[in-house]
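Listed below are the residues making up each chain.
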Amino acid sequence: MRVAGSERMGPMSVRTQSPQPSEDLHRAGFACFVGRPNAGKSTLTNALVGQKVAITSNRPQTTRHTVRGIVHRPDAQLILVDTPGLHKPRTLLGERLNDVVRTTWAEVDVIGFCLPADQKIGPGDRFIAKELAAIKKAPKVAIVTKTDLVDSKQLAEQLIAVDQLGKELGFAWAEIVPVSATAGKQVDLLADLLIPLLPEGPALYPEGDLTDEPEQVMIAELIREAALEGVRDELPHSIAVVVEEMLPREDRPADKPLLDIHANLYIERTSQKGIVIGPKGKRLKDVGIKSRKQIEALLGTPVFLDLHVKVAKDWQRDPKQLRKLGF
Ligand SMILES: Nc1nc2c(ncn2[C@@H]2O[C@H](COP(=O)(O)OP(=O)(O)OP(=O)(O)O)[C@@H](O)[C@H]2O)c(=O)[nH]1
Ligand SMILES: [Mg+2]
């Protein structure tokens, strides 16, 4: 068993150095992150890119579409594809999200399977690993996430369990990499190890591009992220956000522009309205303030955010509503 970057793993063979890039070879390709909801895929994507391209939260099933984040190196371009957490679907939306994951991992050059260090490997992980075993084309890298939450003994046990999981299913991990995205531990090393697994080829995105997410989608996601904070139970799943319109305010002097953004926050039932809006509208206002700051930072321009709450009845189960909301 080889564990990347670990010197304290005792008898196991370890790798502490990144592979040396060869001088004139350029590599470019796609690596996806898959795993259970909440495994830390989006946080890791952002840490690798060095900027927030995907929203994150402690609620499961935060990510609802593939998000690409681009890592630029002189000798390589690594395109990360963050995917929704693969889970047992309970709604049509859940089925669609799982489909997105399976389509993605069939298309990429490398698969990064994320397993949190602080949770024992469970049926959800096994289920994913079993499906991964059937994919012969792409090398599979096991990424043990959130290593800051465990001590070295627990981490060692998890690394052994991950190694064992591959063996049980009859395949070998190309690498096993422990990382902490929030502590920035071994994040660069992970990129160093993914890059040699990419095909040779020229850059696929212009230099400096960090994502290909459309602005409107990023903005809707930032609003949803702010709305997810502090809501419980079923509500996180019920929230969807759509940016309807973005227009520069007329009659503004050139040095004082203002961008009007009109967005709708959808919920599934009228009874959820009160929770989202809060007493005297306070919650919704806070969501607006919080997301507006992030939107302004993203766009580099002052923004007026006009946010409305609407009911799209049972949208997670309704094909027509799903289509309207972009799924
Ligand atoms: N302590 C610690 N927490 C982390 C780390 N990475 C992610 N988290 C937390 O774990 C939670 C889930 O993170 P996400 O990145 O949203 O997880 P995800 O796998 O993208 O989840 P889905 O999109 O729902 O599938 C968030 O509360 C993160 O802050 C880490 O390295 N250390
Ligand atoms: Mg995510």
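Please read these numbers as outputs of a predicted model, since none were measured by experiment.

Visitor: How do you make sense of the sheet that holds strand β10 (residues 259–267) when you look at a structure like this?
Guide: For sheets, the rule is that strands pair by backbone hydrogen bonds, running either parallel or antiparallel. With respect to topology, three strands assemble into an open sheet ordered β9-β10-β11, the strand pairing being mixed. Each edge of the open sheet is held by one strand with a lone partner, namely β9 (240–248) and β11 (303–311). Each strand of the sheet is rotated relative to its neighbour by a mean of 20°, with strand direction disregarded. Across eight bridges, the pairing between β9 and β10 is antiparallel.

Visitor: Honestly, the coordination of the magnesium ion (ligand 2) in this entry has me stumped. Any pointers?
Guide: Angles at a metal have ideal values that depend on geometry: 109.5 degrees with four tetrahedral donors, 90 or 180 degrees with six octahedral donors. Around the magnesium ion (ligand 2), the protein contributes the donor atoms Ser42 (OG) and Thr63 (OG1), which lie 2.0 to 2.1 Å from the metal centre. In this pair, serine 42 is assigned in helix α1 (residues 41–49) and threonine 63 in the loop between α1 and β4 (67–73), connecting sequence segments 21 residues apart. The exposure classification of serine 42 matches that of threonine 63, with both residues buried.

Visitor: Please clarify how the side chain of asparagine 98 should be interpreted in this entry.
Guide: The residue asparagine 98 is located in helix α2 (residues 92–107) in this model. Asparagine 98 gets classed as buried once you look at its relative accessible area, which sits at 4%. A polar contact is formed between the side chain of asparagine 98 and the backbone oxygen of histidine 87, at a distance of 2.6 Å. Those residues in contact with asparagine 98 that sit more than four places away from it in its chain are Gly85, Leu86, His87 and Pro89.

Visitor: Teacher, can you tell me more about the domain arrangement of the protein here?
Guide: Interfaces are often described in size by the accessible area the parts lose on coming together. When cut into domains, the protein gives domain 1 (2–197) and domain 2 (215–324). Tallying the contact residues gives 16 residues for domain 1 and 21 residues for domain 2. Of the roughly 1,600 Å² buried where domain 1 meets domain 2, counting both sides, 52% is carbon and sulfur surface. It is Ile55, Arg59 and Arg64 in domain 1 that bury the most area against domain 2; as a group they hold 35% of the surface buried on that side. There are two salt bridges connecting domain 1 and domain 2. On the surface where domain 1 and domain 2 come into contact, there are eleven residue pairs in polar contact (both at pLDDT 80 or more). The residue makeup of the side of domain 1 that touches domain 2, split by class, is five nonpolar, six polar and five charged.

Visitor: Where do I start with the packing of helix α6 (residues 215–228) against helix α9 (residues 282–299) in this structure?
Guide: Interaxial distance between α6 and α9 falls to 8 Å at its minimum, and their mutual angle equals 145°. Judged by the twist between their axes, the crossing of α6 over α9 is right-handed. Of α9, the residues touching α6 (which contributes Glu215, Met218, Ile219, Leu222, Ile223, Glu225, Ala226 and Ala227) are Arg283, Val287, Lys290, Ser291, Gln294, Ile295, Leu298 and Leu299. For the contact of α6 with α9, the class distribution of residues is ten nonpolar, two polar and four charged.

Visitor: Just checking my understanding: could you explain the pattern of salt bridges for this structure?
Guide: Two side chains with opposite charge may pair up if their charged atoms get near one another. Evaluation of the coordinates by the stated rule reveals 15 salt bridges. A salt bridge links aspartate 125 to arginine 36; the nearest nitrogen and oxygen atoms lie 2.8 Å apart. With aspartate 125 in helix α3 (residues 123–133) and arginine 36 in the loop between β3 (27–35) and α1, the pair connects residues that are 89 residues apart, well separated along the chain. Given a relative accessible area of 1%, aspartate 125 falls into the buried group. For arginine 292, the salt bridge goes to glutamate 296, with nearest N and O atoms at 3.6 Å. Of this pair, arginine 292 and glutamate 296 both sit in helix α9, four residues apart, roughly one helical turn.

Visitor: Sorry if this is basic, but what is going on with the side chain of glutamate 225 here?
Guide: Along the polypeptide, glutamate 225 turns up in helix α6. Residue glutamate 225 is classed as buried on the basis of its relative accessible area, which comes to 10%. If near-sequence neighbours (up to four positions away) are discounted, glutamate 225 is found in contact with Lys52, Ile55, Thr56 and Gln294.

Cut-off values and rules
Residues numbered from 1 in each chain as written. Chains lettered and ligands numbered in written order. Predicted model: local features only at pLDDT ≥ 70, side-chain atom pairs only at ≥ 80, totals over all residues. Heavy atoms only, no water. Pairing = 2+ DSSP bridges. Helix = DSSP H or I, 4+ residues; strand = E, 2+ residues; numbered from the N terminus. Axes fitted to C-alpha atoms, helices over the stretch in contact; angles between N-to-C directions. Donors = N, O, S within 2.8 Å, 3.2 Å for Na, K, Ca; no water. Buried < 20%, exposed > 50% of the residue type's maximum accessible area, 1.4 Å probe, protein only. Polar contact = N/O pair within 3.5 Å; in protein donor to acceptor, adjacent residues only side chain to side chain. Contact = heavy atoms within 4.5 Å. Domains from an automatic or database assignment. Buried area = accessible area lost by both parts, 1.4 Å probe. Salt bridge = Lys/Arg side-chain N within 4 Å of Asp/Glu carboxyl O. Nonpolar A, V, L, I, M, F, W, Y, C, P; charged D, E, K, R; others polar. Left-handed = near helix turned anticlockwise from the far one by under 90°.

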